[in-house]
Amino acid sequence: MSLRLGILLDSWNVRSWQASIIDYVVAHPHCEVVFVVLNKRVGHNSRRRDKILYALGRRLDRKFFRAKADCFETSNVEKLLSGSPSFSVEPIGRRFTDSFSDEDIVRIRDTEPDIIIRFGFRILTGDILKVSKMGVWSLHHGDTSVNRGGPPGFWEVVNGDEVTGVTLQVLSDELDGGQVIDKAFSRTNRTSFNRNQNDLFWAGVELFCSAIDRQSRNPGFYLNNRWTQKFYSFTLYRDPSNLQSLNIFARFWLRRLREAVNSRSKRWRLYLKFGNGDPNTTLYKFRPLEQPADVDWADPFVITKEGNYYLFFEELRIGSRKANIAMLQFDKSGNSTSDKPLRVLEEEFHLSYPFVFEHDGVYYMTPECGGDNNVWLYRSDNFPNGWTKVRRLIDRELYDPTLFRHNGVWYLFATERPFEGNSPDQYLVIYYSEDLLKGDWTRHPMSPCVRDVRAARPAGRIIESNGLLFRPAQIGAPNYGYGIVFMQITVLTKTSYEEVYHDAILPTWHKGIRGVHTFNHVEGLTVVDAQVHI
């Protein structure tokens, strides 16, 4: 049974973020667009004189800080929607709101829509909000718990917020106070208002498309996944006045200039601590490994064999865009048995995150091969050397793939970019297979399982402790690789996934450390990486 959708537009010319959602629902096998309503009363809104400096400041920002995948480019969707009935409506307009006549309401109701998607008109009021089974779905480009009003993605940069939220809601008569279906959180891009807004709108595309897909597969999704309403005790945000804009943009450009002048080089280094068995949790006791000044060492994974420790990691020469996998060996007392790292794996594409593990007496590795748009399984024929490709596990660009066998099923955790403009750090996906070496891999039906840059991207192998499971994940805000959060996995099956917060590592144990984004432990050796100023 198809999900019946109606779409409200101001014109056939829409922004590319809207076109992406429309293209998704038109192509979806279980969605049907039953009507398109065009707004007859769209007119040019002249810029108020008391907002001129805001408009000028945003124009300059957009000129100097362009986005790679511009979500505001114009796209015409008339041909794309040519198979759906369309008609124009002249809304009943008041100062800030639009409502529909009884005649138009009847015409829309006769199409029997399940959901109406709002990409046009102003603030909607009246019966249009109730005419479809599941209401009017709309994106508020902000976290409705802390940011209502507008402009989208602007005040988060001004206020220095670590993350910027986007909310999918069912519209109500309360401005930005409708029933919340879902939210997503991206890292606030403090380099530019335009870039932060662009990141935010692409996050909304994924959020909307995923919700439509889940509703089409599970009729109970809409009813079972709505968020509990909370009080809103913040101000209603608006476009800044000329005086506010002068202050905001002056501070913004001074900060960018200061950052350019005072920029300092940063390097990723490895820190480790030998112990008696359990993971060491006192970070200031970890010692850094000596490493050449012209390389980054990151993403450490450790494995033991015959009493020796083998530390695998990403090795990136400064100035190079392609890293290799290197290895250092230690004896049972923690003494290094190699003078310099051994290069164990190199490809024509960038390699990182060397997830090394043993299965049935054989050693395997699934490094990140994002540059090859694949997840490859390697086998060692002469451990710790002799790594060769065994098979392609998944034909997708996935980040930091992390394998875990649970109740006889192999699970692969990673992050992905659902759309071109999405962050690689924000969307946790899971695949599963019954057989590592021969089985097909199926995408978990709850993927993306996490849409929050503060707890999505894997940061090491999953930890089993006292019957509990803990998933290390990167805290990707306020900057990439800022810290590590440990999420306790409470449900893991082929159909369900749940996790809750347990603990975190922050980059505060030593002066000069800016971030930490990988944690691993095995039989008395605990390793992390840290980004440091030099």
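Note that the coordinates shown come from a computational prediction; the quantities given were computed from them, not determined experimentally.

A. Local environment of the side chain of Ser216. Relative to the helices and strands, Ser216 resides in helix α5 (residues 193–217). A distance of 2.6 Å separates the side chain of Ser216 from the backbone oxygen of Asp213, its partner in a polar contact. In this structure Ser216 touches Leu3, His28 and His30, once residues within four positions along its chain are discounted.

B. Just the sheet that holds strand β10 (residues 136–140), in detail. Taking strand neighbours across the sheet as the criterion, the 7 strands line up as β5-β3-β1-β8-β10-β12-β13 in an open arrangement whose pairing is mixed. Here the strands that pair on one side only, and so sit at the sheet edges, are β5 (86–89) and β13 (179–187). The average undirected angle you get between the axes of adjacent strands in this sheet is 25 degrees.

C. Region of interest: the sheet that holds strand β27 (residues 428–433). Judged by pairing direction, the sheet is antiparallel, and its 4 strands sit side by side in the order β25-β26-β27-β28 without closing on themselves. Only two strands of the sheet have a single partner each, and these edge strands are β25 (399–406) and β28 (442–443). Pairing between β27 and β28: 2 bridges, direction antiparallel. Each residue of the ladder has a partner; that of Tyr431, found in β28, is Arg443.

D. A look at the packing of aromatic side chains. Here the structure, examined in full by the defined rule, presents 36 aromatic pairs. Aromatic side chains Phe312 and Phe383 sit 5.9 Å apart centroid to centroid with 50 degrees between the ring planes, which places their arrangement in the tilted category. One end of the pair, Phe312, is in strand β18 (residues 308–317); the other, Phe383, is in the loop between β23 (375–382) and β24 (385–394), with 71 residues separating them in the sequence. In terms of burial, Phe312 and Phe383 fall into one category: buried. Put simply, the rings of Tyr54, Phe64, Phe65, Phe154, Trp155, Phe193, Tyr237, Phe249, Phe252 and Trp253 pair up and form one aromatic cluster. The ring of Trp376 carries Lys389 above its face, with NZ or CZ at 4.3 Å from the centroid. When the ring centre of Phe185 is taken as origin, the NZ or CZ atom of Arg454, which lies over that ring, is 5.0 Å away.

E. Summary view of the nonpolar core. Counting residues in hydrophobic clusters, the biggest one holds 44 residues, and the most contacted among them are Leu9, Trp17, Leu81, Phe119, Trp137, Phe208 and Ile212. The leading source of residues in this core is α5, at 10 residues. Excluding anything up to four places from it in sequence, Leu81 contacts Ile7, Leu9, Trp12, Ile22, Val26, Val33 and Val36. Among the nonpolar cores identified, the runner-up in size contains 18 residues, and Tyr364, Val375, Val429 and Leu436 belong to it.

F. The packing of helix α2 (residues 52–64) against helix α7 (residues 242–261), seen in detail. Two elements in contact, α2 and α7, have axes separated by 7 Å at closest approach and are oriented at 25 degrees. Comparing their axes, α7 and α2 come out roughly parallel. Contacts between α2 and α7 pair Ile52, Leu53, Tyr54, Gly57, Arg58, Asp61 and Phe64 from the former with Asn242, Ser245, Leu246, Phe249, Phe252 and Trp253 from the latter. Tallied by class, the residues present in the contact of α2 with α7 amount to 8 nonpolar, 3 polar and 2 charged.

G. The pattern of salt bridges, seen in detail. In this structure the tally under the stated criterion is 24 salt bridges. Put simply, Asp381 and Arg379 hold a salt bridge, and the shortest N to O gap is 2.9 Å. Across the pair Lys494 and Glu434 runs a salt bridge whose closest N-O atoms are separated by 2.8 Å. You can see Lys494 sitting in the loop between β31 (483–492) and β32 (497–505) and its partner Glu434 sitting in the loop between β27 and β28, a full 60 residues away along the chain. On the basis of relative accessibility, which here comes to 33%, the residue Lys494 falls in the partly exposed class. Residue class for Glu434 comes out partly exposed when judged on its relative accessible area of 49%. Through salt bridges with shared partners, a single network forms among Arg187, Glu368, Asp400, Asp425 and Arg457.

H. Representation of the environment of Asn76. Its place among the elements puts Asn76 in strand β4 (residues 74–76). When the C-alpha positions of Asn76 and Ala19 are compared, they lie 7.9 Å apart, and in sequence the two are 57 residues distant. Ignoring any residue separated from it by four or fewer positions in sequence, one finds Asn76 in contact with Trp12 and Asn13. A polar atom in the side chain of Asn76 sits 2.9 Å from the side chain of Asn13. Only 3.0 Å separates the side chain of Asn76 from the backbone nitrogen of Glu78, close enough to count as a polar contact.

I. Examining the pairing of strand β17 (residues 295–305) more closely. Counting buried residues along β17, 10 of its 11 residues qualify, which places the element largely inside the surrounding structure. Here β17 runs beside β18; their pairing, made up of 9 bridges, is antiparallel. Directly across from Trp297, in β18, lies its bridge partner Glu315. Count of turn residues in the β17/β18 antiparallel hairpin: 2 residues, of which Glu306 carries a positive phi of about 55 degrees.

Definitions and limits used
- Residues numbered from 1 in each chain as written.
- Predicted model: local features only at pLDDT ≥ 70, side-chain atom pairs only at ≥ 80, totals over all residues.
- Heavy atoms only, no water.
- Helix = DSSP H or I, 4+ residues; strand = E, 2+ residues; numbered from the N terminus.
- Polar contact = N/O pair within 3.5 Å; in protein donor to acceptor, adjacent residues only side chain to side chain.
- Contact = heavy atoms within 4.5 Å.
- Pairing = 2+ DSSP bridges.
- Axes fitted to C-alpha atoms, helices over the stretch in contact; angles between N-to-C directions.
- Phe/Tyr/Trp six-rings, centres within 6.5 Å; stacked < 30°, edge-to-face > 60°.
- Buried < 20%, exposed > 50% of the residue type's maximum accessible area, 1.4 Å probe, protein only.
- Lys NZ or Arg CZ within 6 Å of the ring centre and 35° of its normal.
- Core = buried A, V, L, I, M, F, W, Y, C linked by side-chain atoms within 4.5 Å.
- Parallel < 35°, antiparallel > 145°, perpendicular 65-115°, else oblique.
- Nonpolar A, V, L, I, M, F, W, Y, C, P; charged D, E, K, R; others polar.
- Salt bridge = Lys/Arg side-chain N within 4 Å of Asp/Glu carboxyl O.

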